[in-house]
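Structure assessment
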Amino acid sequence: MAGTKPPKGAWEKVGALIACGLAAGEVTTKILGYALQALVPSEVISATTAPLSVAILTLVAARQKTWTPGGSESNSKQKSSPSKAWTRNLYLASLVSSIATLIGFLGAIRERAHRLSFIEAQPTEAQICAIEGSKSLAYKTTVTLREPTVGSVIVICPLSFDEYVVAVAEATIGVDELGQWPVDVRCQRIAPMEDFESFSFTACMGSVSGRKTSEGIYVGPDTSSGSIKRLVERRNLKWHEQIGSLL
Amino acid sequence: MARTNWIFALASILIAAVSAEARIVQVTGKVVEYGSNEAVPYAYVQLLNKCSGEATEAAGGKHTDSQGDFSFAIETELEQVCVWVRTNRYMGIRKAVKVENKPSPNVALGKVFLKPLAAGALNLDGAVKHYQSLADVPDIQREFLAELLSANNSEQIEARYETDPALRLAIDRACRQGDVDCSRLGARDKEKTAPSQPMH
């Protein structure tokens, strides 16, 4: 009968276990974070460290079949089983911490992705470009720029040498067309006339050789030094940045 | 040798002085829609001193007629001007144009193609000057303001309404006269002013 009673001093035991575990978990995740630096940025790992260690430790504690309140391995007679309620509480704590880990992770990648500038260019058959003769050479482009944008000039260029951007149309914010880019006449410039974080337009393409496929475009703010600060394509973002930008 | 240099310097100063003299520049052209080639009536054509950067100044402007044609004379001493065409529903266009070095030069722009904005989007930059230029066609002016107030990106208009006294004046006057439907703007206005009233 004495064996089924909750062990004396179980609170202290659990407390000490969690405290030790937290310290151990912190060290482990720091090492993990360093090892996984290439895969996940450290700021994301640090946001998930604490809840993750709590989740693992409470899970380990809940999986313990017996407790040794005496603390000594030789004193095996004092071993006792934790109550069902205890085990359930520990499992629950583990679950809650796991959810906290997930929220921490998603929050961190979201915050990170919301500091990124990128574009998304989809080939489309835009009616507006039909006047240029070919229907297939058009890109519906969305620019997401997390920098001050009023007064900036955005340059749209073809990736291929024998293509050129004929026209830019259907912008979703007020923009002014500035015409060809003096540095490279295959590119067109537009100047957004209002502040934006994200806007779209359709770029009509032409080709010197007259082919009906396009290799794509690149977009970036003009830097006045005669070069473009090229924005990364959304599909080339890292996996966590892609998830984060959707949140 | 020294004398030749002297004459040369004097001559170049003289040429510079002559070319810097203000001339009457005649600007003509027609504004049409890209794709359909249809005339864009009552667009606003303006001459700026330069196309980009800060401190762009307007030398003058005029709206196109009902056929999209424009023709106006402007006195300027600039050798290169920037033609800026704006409307509410189209993307604006800025085009640098060289002014010929003769007493009364012509700047014939031919067709100026405007590309449409995405459905529902509205261009607001320069709207006030455009509105003011339409004073000689009151019906069009009313339509213009009604178009502004029905925009999808109305939060942009609201922001401009708050910061641009000229736009505010124009809208307020039109609202008072009952020329345009100001219900959307008015509703927001009441919400805004109601909590601040006890402070007065």
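The rules behind each value
- Residues numbered from 1 in each chain as written.
- Chains lettered and ligands numbered in written order.
- Predicted model: local features only at pLDDT ≥ 70, side-chain atom pairs only at ≥ 80, totals over all residues.
- Heavy atoms only, no water.
- Buried < 20%, exposed > 50% of the residue type's maximum accessible area, 1.4 Å probe, protein only.
- Helix = DSSP H or I, 4+ residues; strand = E, 2+ residues; numbered from the N terminus.
- pLDDT = per-residue confidence, 0-100.
- Pairing = 2+ DSSP bridges.
- Contact = heavy atoms within 4.5 Å.
- Buried area = accessible area lost by both parts, 1.4 Å probe.
- Salt bridge = Lys/Arg side-chain N within 4 Å of Asp/Glu carboxyl O.
- Core = buried A, V, L, I, M, F, W, Y, C linked by side-chain atoms within 4.5 Å.
- Disulfide = S-S within 2.5 Å.

Once that is clear, we can look at the pairing of strand β3 (residues 154-158) of chain A. Of all five residues making up β3 of chain A, five are buried, and the element is well covered by its neighbours. Burial of β3 of chain A is two-sided: the residues I154, I156 and P158 of chain A facing one way and the residues V155 and C157 of chain A facing the other way are all buried.

Overall, the prediction assigns chain A a mean pLDDT of 81, with 89% of residues at 70 or greater. Mean pLDDT across the elements of chain A ranges from a minimum in helix α1 (residues 10-35) of chain A, with 79, to a maximum in β3 of chain A, with 92.

Bringing the sheet that holds strand β2 (residues 138-144) of chain A into the picture now. Residues and elements named next belong to chain A. One open sheet holds the five strands; their spatial order is β4-β7-β2-β1-β9, and the pairing between them is mixed. Looking at strand neighbours, the two that pair on one side only are β4 (163-169) and β9 (232-233), the edges of this open sheet. In the sheet, β4 pairs with strand β7 (residues 198-207) via six bridges, with the strands oriented antiparallel. Across the sheet, the residue bridging to E163 is S207, located in β7.

In this section: unusual backbone geometry. Despite not being glycine, E170 of chain A shows a phi value in the positive range, around 55°. Mapped onto the elements, E170 of chain A comes out in the loop between β4 and β5 (175-181). Owing to a relative accessible area of 25%, E170 of chain A belongs among the partly exposed residues under this scheme. Of note, the phi angle at Y42 of chain B is positive, near 55°, even though the residue is not glycine. Of note, Y42 of chain B is situated in the loop between β1 (23-33) and β2 (44-48).

The interface of chain B with chain A comprises 20 residues on the first partner and 21 residues on the second. Regarding the contact of chain B and chain A, the summed buried area is about 1700 Å², with carbon and sulfur atoms giving 54% of it. When the buried surface of chain B facing chain A is broken down by residue, Y34, M91 and R94 of chain B rank first, second and third, together holding 35% of it. The tally of links from chain B across to chain A stands at two salt bridges. Residue E177 of chain A is joined to K115 of chain B by a salt bridge in which the shortest nitrogen-to-oxygen separation is 2.9 Å. Only β6 (92-98) and α4 (154-163) of chain B provide two or more residues apiece to the side of chain B that touches chain A.

What follows concerns the nonpolar core. All names here are of chain A. By size, the foremost hydrophobic cluster in this structure holds 25 residues, and its most contacted members are V143, I156, I190, F199, F201, I217 and V219. Looking at this core, the elements that each hand over two or more residues are β1 (118-123), β2, β3, β4, β7 and β8 (217-221). Looking at this core element by element, the count peaks at four residues for β7. Among all residues touching V143, those that are not within four sequence positions of it are F118, I119, F196, E197, S198, F199, F201, V219 and L231.

With that settled, consider the state of the cysteines. Residues and elements named next belong to chain A. Counted by the stated rule, this structure contains three disulfides over all chains. Disulfide pairing is shown between C129 and C204; the S-S distance is 1.9 Å. For the disulfide bridge between C129 and C204, the dihedral angle about the S-S bond is near -75°, and by the sign convention the bridge is left-handed. A residue pair is termed long-range when its members are at least 10 positions apart, and C129 in the loop between β1 and β2 and C204 in strand β7 qualify at 75 residues. C204 shares its class with C129; the two are buried. Paired by a disulfide, C157 and C187 hold their sulfur atoms 2.0 Å apart. Its S-S torsion of about 110° marks the bond between C157 and C187 as right-handed, since a negative value means left-handed. Residue C157 is found in strand β3, and its partner C187 is found in strand β6 (residues 184-192); the two are separated by 30 residues along the sequence. If the cysteines joined by disulfides in chain A are listed in sequence order, their pairing comes out as 1-4, 2-3.

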